[in-house]
Amino acid sequence: MSMPMRIAHIDLSRCRSEFETLAPDLIRKWGGGSGLASWLFYQEVAPNIDPLGPENPVWIMGGPLTGTVAPCSGRIEVVTKSALTGILGLSNTGGHFGARLKLAGLDGLVLRGASDKPVYLWVRPGQIEFKDASHLWGKDTWETAETIGKELNDHHCKRIKVMAIGPAGENLVRFACVVNERYHTAARGGAGAVLGSKKVKAIVVDAKEAPLQISEAFQKTARRVAQKIKKSVACQNYSRFGSIGVSDLCTEMGDLPGRNFQTGALEGWKENRGTDRIRSFISKPEGSCYHCAMPCFNSVEVKEGEYVGLKISSGTFVQVVLEFGAKCGIESLPAIWRCKDLCHRLGMDYGSASGAISFAMELFQRGLLDTRHTKGQKLRWGDEQATLGLLAQIAYRQGLGNILAEGTSRASAFLGPATAPYVMTIKGMEMIGQDVRAGRRGWSLGSLTSPRGGDNVRTTHMQGDTLRPMSLLKPENRSQWEAYSQNFVSNVDMFPEIKEAIYGNPPLVDPLTYQGKAFLTKWFEDLFSGVNALGLCTFPADKCALGPSDYAELFSAFIGEEISPRGFMEIGERIFNIQKLYLIREGMSRSDDIWPPRFFNEKLPDGPAEGSVVSKETIEKVLDEYYEARGWDRKTSGPTAVTLRRLGIENLL
Ligand code: SF4
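In this text, all values refer to a predicted model and were calculated from it rather than measured experimentally.

Caption draft 1: Here's a closer look at the overall build of the protein chain. In terms of regular secondary structure, the protein chain is built from 28 helices and 17 strands. At 23 Å, the protein chain has a C-alpha radius of gyration in line with the 26 Å of a compact globule built from 653 residues. Reported as C-alpha extents along the three principal axes, the dimensions of the protein chain are approximately 60 × 60 × 50 Å. Residue burial in the protein chain is summarised as follows: out of 653 residues, 63% are buried. Considering only residue pairs separated by 6 or more positions, the protein chain has 69% of its internal contacts joining residues 24 or more positions apart. For the protein chain, the computed accessible surface area is about 23000 Å², with 50% contributed by carbon and sulfur atoms. Of the side-chain charges in the protein chain, 78 are positive and 73 negative, and the distance between the mean point of each set is 2 Å.

In structure tokens, the structure reads:
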């Protein structure tokens, strides 16, 4: 092993910490990041604990390659029991926090117990100090970092890196997130609320930059892999423009999550919120993660109007435009970015926040909420001031915000059964992304099988399930479609039998068929789980620029032991299985792998996918195929004994 992995166990109740060096065979089997943390979390934590109780630990865990010279190695995972869903809360953040933690001699922090007064942790090489944070309580995430920077004589936070919660975390908003370096968030699942329940306002890593002692063989592999990323056209495009192309793709496919998924098409979308419109705001690259070979943080800047001066570093991530622009119907991009800005400062996951607000807007539309619930405020689609007001009310738990702060599913239970049809969650987490009635089938399926619920971010296979332009599917373009598919499939780093299972022979890349999508979903879930466990960003894999051969080579060079590409994929599969086991242990089953009823019962009313609806029968068949491919029981959806034995975790039987 090039470098041993070390973690700090932090007892918040007793203000004590101790260090542990992890056994190399543990790393060989689980990597680090969400892999190792999920495994150790599963073993340590009893079923059915209260996520907001002191018995819920928080693992902040880098991978073995985090902070090394491997490309895109600035990633770190936060694992805890989700305050929102009650299943495993998995969220990943970038920036420089993880790399700086490595320089402080640590790969992970495990926070247990709870402090009786607000604290922040000051992590330096060989020591962890518990500092009073009473004066920080109430501050937003940006103010918190600035104040700590001044206190520790690092006014611009160059030496220190701060991970903080905002008022939302303090107030136990169930989808509160943690924010580091302003724009980087471990967003989904409410880890911010869990830290808030422990009275941890911030974690500060403080270490000077210095080269790590890593073998020449590893450095050579890292350079080769970095070149591969840099040469990839898909990565180059992503680096320049992020995911803004998805905005126009949605209008082509009619899969916008419009007005809480009531419609897949919104009038004026392309003009107001389309790809070219977003592009016109791009100013310069800013805020990307540590040692990235395809830096994708581009700032957008508002130069006029009500939000003049507003600047967002991750402005080319299209997701927020779909969330506040489509789900809540806000037309103005600057207003949408102001919503994101506010979520960052208050410390809230904007995916769940926009979900809760669009749910409330639909209730208002249907007369299930009225001005008596909102202190006179009308909740109309696209009302940016109402949305901004509700975001603040949620974070501070005021009025209707106090109900929405519980998340959409709990809010609906409180507001009554008539509101249930408008809850757009999977496993208790608000859905983000496109409408599954019209969206790419593999992309959609990933949201059903995700071990954290709500989205497909743990398996976003953008490149493997996308066709640009979609008009290649027209009969007159058949030969071009075949040529594109042949070229893509022959170049992608994937095992031959998997290629055939997904794309057929001769291969066809068809985002609109469910055929092969069970295998596609499993493949990328396992691949991403492995990549995440190394502490690397999944985007190069998402763009199919890298595959298991590259990751196996990197990992092998690091640990000084040969891991084959199939061995690497097995690590990912093992991780995905332990995360599924946690979900089963918490009482979930096959019936939870389901989308909200709207997608099965209501046809899309307009747009290119007008009339589309999901067939329950088809989805059940695809799920059967998926469980079969995974070696999971079709009835319970849990891993079978044979599968656990194959993955070397039969001790969990
Ligand atoms: S690709 Fe983007 S998200 Fe990934 S490590 Fe680089 S800057 Fe961070």
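Caption draft 2: A look at the site of the ligand. Around the ligand sit Arg75, Ser288, Cys289, Cys292, Met294, Pro295, Cys296, Phe297, Cys537 and Phe539, and that is every residue in its neighbourhood. Counted by class, the shell around the ligand contains 8 nonpolar, 1 polar and 1 charged residues.

Caption draft 3: View of the domain arrangement of the protein chain. Here the protein chain is partitioned into domain 1 (6-206), domain 2 (242-430) and domain 3 (441-652). Opposite the 39 residues of domain 1 that make contact, domain 3 presents 35 residues. Between domain 1 and domain 3 lies a buried interface of about 3200 Å² when both sides are counted; carbon and sulfur atoms form 63% of it. Among the residues domain 1 hides against domain 3, the three largest losses belong to Arg28, Tyr42 and Ile87. Together they make up 24% of the total. Scanning the region where domain 1 abuts domain 3 turns up 3 salt bridges. Note that arginine 188 and aspartate 455 form a salt bridge whose closest N and O atoms lie 2.8 Å from each other. Elements with a minimum of two residues in the side of domain 1 that touches domain 3: helix H1 (24-30), helix H2 (33-44), strand E4 (76-81) and strand E5 (88-93). Class assignment of the residues belonging to the side of domain 1 that touches domain 3 gives a composition of 16 nonpolar, 17 polar and 6 charged.

Caption draft 4: Region of interest: the nonpolar core. Leu109, Leu111, Phe324, Trp337, Met348 and Leu391 are the most contacted members of the largest nonpolar core, which has 91 residues in total. For this core, the element with the most residues is helix H15 (residues 350-365), which contributes 9 residues. Looking at which domains feed residues into this core, each of domain 1 (6-206) and domain 2 (242-430) supplies at least three. In this view, leucine 109 contacts Ala8, Ile10, Val58, Trp59, Ile60, Leu101, Val123, Ile128 and Ile203; residues no more than four positions away in its chain are not counted.

Caption draft 5: The arrangement of the packing of helix H7 (residues 216-231) against helix H24 (residues 548-559) in detail. H24 packs onto H7 with a crossing angle of 160° between their chain directions and a minimal axis gap of 8 Å. Classified by the angle between their axes, H7 and H24 sit roughly antiparallel to one another. As H7 runs across H24, the sense of the crossing is left-handed. Between H7, through Ala217, Phe218, Thr221, Ala222, Arg224, Val225 and Lys228, and H24, the contact on the second element is made entirely by Asp550, Glu553, Leu554, Ala557 and Phe558. Looking at the contact of H7 with H24 residue by residue, the classes come out as 7 nonpolar, 1 polar and 4 charged.

Caption draft 6: Region of the structure containing the packing of H15 against helix H18 (residues 408-415). Interhelical geometry of H15 versus H18 gives an angle of 30° and a closest axis separation of 10 Å. Classified by the angle their axes make, H15 and H18 are roughly parallel. Here Gly355, Ala356, Phe359 and Leu363 of H15 lie close against H18, whose contacting residues are Thr408, Ala411, Ser412 and Leu415.

Caption draft 7: Structural view of the sheet that holds strand E1 (residues 6-11). One open sheet holds the 6 strands; their spatial order is E2-E1-E6-E3-E4-E5, and the pairing between them is mixed. A single partner strand is all that each edge strand has here, and the edge strands are strand E2 (16-21) and E5. Direction aside, neighbouring strands of the sheet carry axes that sit 15° apart on average. Two elements, E4 and E5, share 6 bridges in a ladder whose sense is antiparallel. Looking across to E5, one finds that valine 79 is bridged to leucine 90. Against the sheet, H2 engages strand E3 (58-62), E4, E5 and strand E6 (108-112), with an angle of about 150° to E3.

Caption draft 8: Spatial organisation of the environment of leucine 172. With respect to the secondary-structure elements, leucine 172 resides in the loop between helix H5 (167-170) and strand E10 (178-180). Classification of leucine 172 by relative accessible area gives partly exposed; the value is 28%. Taking the C-alpha atoms as reference points, leucine 172 and leucine 195, 23 residues apart in sequence, are found 8.8 Å from one another.

Thresholds applied
Residues numbered from 1 in each chain as written. Predicted model: local features only at pLDDT ≥ 70, side-chain atom pairs only at ≥ 80, totals over all residues. Heavy atoms only, no water. Helix = DSSP H or I, 4+ residues; strand = E, 2+ residues; numbered from the N terminus. Rg over C-alpha atoms; globule rule 2.2 N^0.38 Å. Buried < 20%, exposed > 50% of the residue type's maximum accessible area, 1.4 Å probe, protein only. Contact = heavy atoms within 4.5 Å. Areas by Shrake-Rupley, 256 points an atom, 1.4 Å probe, with all protein chains shown as cover. Lys, Arg positive; Asp, Glu negative; His and termini not counted. Charge placed at Lys NZ, Arg CZ, Asp CG, Glu CD. Near = heavy atom within 4 Å. Nonpolar A, V, L, I, M, F, W, Y, C, P; charged D, E, K, R; others polar. Domains from an automatic or database assignment. Buried area = accessible area lost by both parts, 1.4 Å probe. Salt bridge = Lys/Arg side-chain N within 4 Å of Asp/Glu carboxyl O. Core = buried A, V, L, I, M, F, W, Y, C linked by side-chain atoms within 4.5 Å. Axes fitted to C-alpha atoms, helices over the stretch in contact; angles between N-to-C directions. Parallel < 35°, antiparallel > 145°, perpendicular 65-115°, else oblique. Left-handed = near helix turned anticlockwise from the far one by under 90°. Pairing = 2+ DSSP bridges.

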